[in-house]
Structure formats: structure tokens, C-alpha cells
Amino acid sequence: MTMNSSSSVKRDCYIGIDIGGASIKAGVVDAEGKIRAQRNKVIAHESLSSLSGQIAAIVSELRGSDSSFEVRGVGIGVPALVSKKKSRITISPSLPYLNGVEFKSQMESLLGLPVSLENDANVGAYGEMLMGAARDVQDFVYVSIGTRVGAGLVISRRVYQGAGGFAGELGHIAVDPEGKKCFCGGTGCLERYVSAPSIAQRVEERIVLNPSSALQIITDRPINAQDVSAAALVGDKMACVIIGEVGRYLGMAIANLINLLNVEMVILGGGVIEAGDVLLKPTIEEVKRHALSPPYDDCRIVASALGSAAGVIGSSLLARDMLSVEAIL
Ligand SMILES: [Zn+2]
């Protein structure tokens, strides 16, 4: 009787789950940070139990996808303010049924695996720090612009948490004191001007006034931020104006960050940044107008190196590091 060689060595892996406002991205990531398998699902949940069930199904599917994996833990990034102990979701504006939920312990019971829980922008920052644009950078800010707008602040290669764990809510910094009302109760919050839904809203407000826009051909569904980015990339005038406005608001907020923190790098991530240079250029121009020259000169403003995988890689490596004695966060 011989030993079955296939049963001998399994590779330690971690599952990263990045919950967005519209989709769940998930992946199996090995201890070196390489993605081994991936799943993207359109979000199909309107309650805590359906979200939990959807996550459990994805985890089960990924665990069964390759017998050479040994999944040691699961990291979950959530669009929410997470308590400093990283056990409880304090507030989730986009998924309000998560408010006040002890999500870490609930998911550990359901999955039978250790779970780490963190804000989505913080896991993106963690991914970029370990595997992306900030591998050699001490101090940086990762700005995530999607359904929501958030930031992960990394100071001396640690994600800065703040008193309650809620640091980095860049989306609720005011950029217009007389501006649009925000769901948070504030007025003129950055998120109301640069998030994906706010971009779609700008199109809705203006499309009738722009009969020649390429976006006019989309009649069978609502126009989304990706459509605007794609149209801007091919030079559509209305789309370029809208993306330019987004860049100006974003640049103003980033200039404030640079003046305040003197970071080496600002990384722009999230779906809206797929617009590339069309968005980066007006953003950087506006930063230059508002920031002081010395901190501006110290700072590189770049697009995310990991792109849409930043959250999956960051959350899985956080799960890895939470299981080790020397947790970095
Ligand atoms: Zn707000």
C-alpha cells in the first residue's frame, strides 16, 4: 500500500470577501498574496440572513474549487463603520440591516472558520500596502471611490484607526457648505459629488440638454458611472465635463489630506477610477491648485495597482495576519 501523494501537502490559503454596494467580490489568496481562484457575484440580498447565506455559499464554492487549498481564515471588507475591536458593524449606510450587528462572531459560527472584519477602504489600503502601489511607502492614503467614498489612512505602515475605529471617512468631508444634503445628515459631503450614484445622477439631470451625447444610445437601462467613464474615454463632451467636475471635487478633498498629513502617496481606487487619466488629470490639477507646494511635491497621486482586486487581496491578507501573533493592524 502506497501513500497517496496528492494528500500530502496542502497550500495555506485565505478567502477575501469584498462586499460592495452592488456586488460581492471574493477570492482565494495564498500566503504570498497571489489570487488562486475568484468569484464575482451581483449582490442579491436585502436582509442579514440572505447576505450571510450568499457569503457562506461563495466560501463553500471557493473551498471546493481546488483540493490543494487549505483555507485557514476568511477576511471580510464591509462598506461600513466597524468598531475598533473589529467585531461589530456600527453603521452601514448602504446596507442598513447590518447596523449594530456582531458580524464577526455570526460569520465565524456560520462558516466554521476564523473571520476578520474591517472597513472596505481599510482592506483596500492594506492590500495596496502589502502587494500593490505602496509596497515601499511608509505613509499614504488609499481613497476608494465607488458606491461609497472612503479612505484608508496608513501611517508608518499601520492602518490608522482613530479613537473608535472610524478614521478615514473621507466621503463625509464637506466640499460645499451650501451644497447637496447627504444621508449622514451633513451638507455638501464629498460622496454626494464623486460617488458612482452621484455621477449617474448628474447624467440624469443633464442628458436632455445634451442630445448629441453618446450616452443617449443607452435607453434600455439606467446609465451608470462606468458608462460615463467609457464615454469620457472616447471624448464625449458631456461625459468629460462630468468627470472633470468629479476630479475637481476629489482634488479639493485630496489637497486637504496632503496639507494635513504630508503623505508620500495618494492611491485612487474603486470602480470610478476606471476612467483613468480622464479623471486623474483634473484631480491632480485641482490638488496642485489647493495644496501647499512642499507637501504637494512630496506626494505622488496614482491609480490603484491592484484595481478591483485590492479589497479581496487586502481582506485575505488581513485574515492571514490576524491569525499570526504579529498582527499588523
Ligand atoms: Zn455625508
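See above for the structure.
Residues numbered from 1 in each chain as written. Predicted model: local features only at pLDDT ≥ 70, side-chain atom pairs only at ≥ 80, totals over all residues. Heavy atoms only, no water.

Q: A description of the overall build of the protein chain should follow, citing residues and the corresponding values.
A: If you tally the helices and strands in the protein chain, you get 10 helices and 12 strands. Computed over C-alpha atoms, the radius of gyration of the protein chain comes to 20 Å, within 12% of the 20 Å expected from 2.2 N^0.38 for 329 residues, which places it in the range of a compact globule. Split into buried and exposed, the 329 residues of the protein chain put 50% on the buried side. Here the analysis covers contacts within the protein chain between residues at least 6 apart in sequence; of these, 63% occur between residues at least 24 apart. A total of about 14800 Å² of accessible surface is found on the protein chain, and carbon and sulfur atoms cover 53% of it. (Helix = DSSP H or I, 4+ residues; strand = E, 2+ residues; numbered from the N terminus. Rg over C-alpha atoms; globule rule 2.2 N^0.38 Å. Buried < 20%, exposed > 50% of the residue type's maximum accessible area, 1.4 Å probe, protein only. Contact = heavy atoms within 4.5 Å. Areas by Shrake-Rupley, 256 points an atom, 1.4 Å probe, with all protein chains shown as cover.)

Q: Outline the coordination of the zinc ion, supporting the account with residue identities and numerical values.
A: At this site the zinc ion is bound by H172 (ND1), C182 (SG), C184 (SG) and C189 (SG), with donor distances of 2.0 to 2.4 Å. Counting residues between consecutive donors of the zinc ion along the chain gives the motif H-x9-C-x1-C-x4-C. Taken together, the positions of H172 in the loop between β10 (158–159) and α4 (191–194) and C189 in the loop between β10 and α4 put the pair 17 residues apart, joining distant regions of the chain. By relative accessible area, C189 is classed as buried at 3%. (Donors = N, O, S within 2.8 Å, 3.2 Å for Na, K, Ca; no water.)

Q: Could you give an account of the sheet that holds strand β4 (residues 69–78), with specific residues and numbers?
A: Sheet strands pair via backbone hydrogen bonds, and the direction of the pair is either parallel or antiparallel. Spatially, the five strands line up as an open sheet ordered β3-β2-β1-β4-β7, and their pairing is mixed. Taken across any chain shown, the strands that pair with only one partner, and hence form the sheet edges, are β3 (35–42) and β7 (115–119). Here the average twist between neighbouring strands, direction ignored, is 20°. Against the sheet, helix α3 (residues 120–131) engages β1 (11–19), β4 and β7, with an angle of about 105° to β7. Along the sheet, helix α10 (residues 310–323) makes contact with β1, β2 (23–30), β3, β4 and β7, crossing β1 at roughly 130°. (Pairing = 2+ DSSP bridges. Axes fitted to C-alpha atoms, helices over the stretch in contact; angles between N-to-C directions.)

Q: So, the packing of aromatic side chains: which residues are in play, and what are the values?
A: This structure, assessed with the given rule, holds one aromatic pair. On the basis of an interplanar angle of 35° and a centroid distance of 4.5 Å, the ring pair of Y193 and Y249 is categorised as tilted. Of this pair, Y193 sits in helix α4 while Y249 sits in helix α7 (residues 237–261), and the two are 56 residues apart along the sequence. (Phe/Tyr/Trp six-rings, centres within 6.5 Å; stacked < 30°, edge-to-face > 60°.)

Q: Residue-level account of the pattern of salt bridges, with values.
A: On inspection of all chains with the given rule, the structure shows 16 salt bridges. Among the salt bridges present, the one from K86 reaches E118, with a minimum N-O distance of 3.2 Å. In this pair, K86 sits in the loop between β5 (81–82) and β6 (89–91) while E118 sits in strand β7, placing the two residues 32 residues apart along the sequence. For the pair shown, K86 and E118 are each scored as buried. One salt bridge connects E245 with R206, and the closest N-O pair in it is separated by 2.8 Å. With a gap of 39 residues between them, E245 in helix α7 and R206 in helix α5 (residues 196–206) connect regions that are remote in the sequence. Classification of R206 as partly exposed rests on a relative accessible area of 23%. One connected set of salt bridges, linked through shared partners, spans R11, D30, E32 and R36. (Salt bridge = Lys/Arg side-chain N within 4 Å of Asp/Glu carboxyl O.)

Q: So, the nonpolar core: which residues are in play, and what are the values?
A: One finds L215, V228, V266, L268 and I301 to be the most contacted residues of the largest nonpolar core, which totals 46 residues. When residues of this core are traced back to their parent elements, those giving at least two are β8 (140–145), β9 (149–155), α4, α5, α6 (225–233), α7, β11 (265–269) and α8 (277–290). If one sorts the elements of this core by residue count, α7 sits on top with 11 residues. When residues no more than four places from it in sequence are discounted, the contact partners of V228 are I199, V203, L215, I223, A239, I242 and I243. Residues C13, I15, I19 and L98 belong to the second largest nonpolar core, which totals 31 residues. (Core = buried A, V, L, I, M, F, W, Y, C linked by side-chain atoms within 4.5 Å.)

Q: I'd like a description of the environment of Y97, backed by residues and values.
A: Within the fold, Y97 resides in the loop between β6 and α2 (103–111). Remark: the alpha-carbon pair of Y97 and L51, spanning 46 residues in sequence, is separated by 9.8 Å.

Q: I'd like to hear about unusual backbone geometry, residue by residue, with values.
A: A positive phi angle is found at S156, which is not glycine, with a value near 50°. Mapped onto the fold, S156 is located in the loop between β9 and β10. Phi is positive for R157, close to 60°, though the residue is something other than glycine. Structurally, R157 is set in the loop between β9 and β10.

Q: I'd like a description of the sheet that holds strand β12 (residues 300–303), backed by residues and values.
A: As summarised here, the arrangement of the five strands in space is β10-β9-β8-β11-β12, forming an open sheet in which the pairing is mixed. Two strands in the sheet have a free side with no partner beyond their single neighbour: β10 and β12. In this sheet, β12 lies alongside β11 in parallel orientation, the contact comprising four bridges. Residue pairing for β12: V266 is matched across the bridge by I301. Lying over the sheet, α8 contacts β11 and β12, oriented at roughly 160° with respect to β12.

Scope: geometric values only; no functional claims are made or implied.
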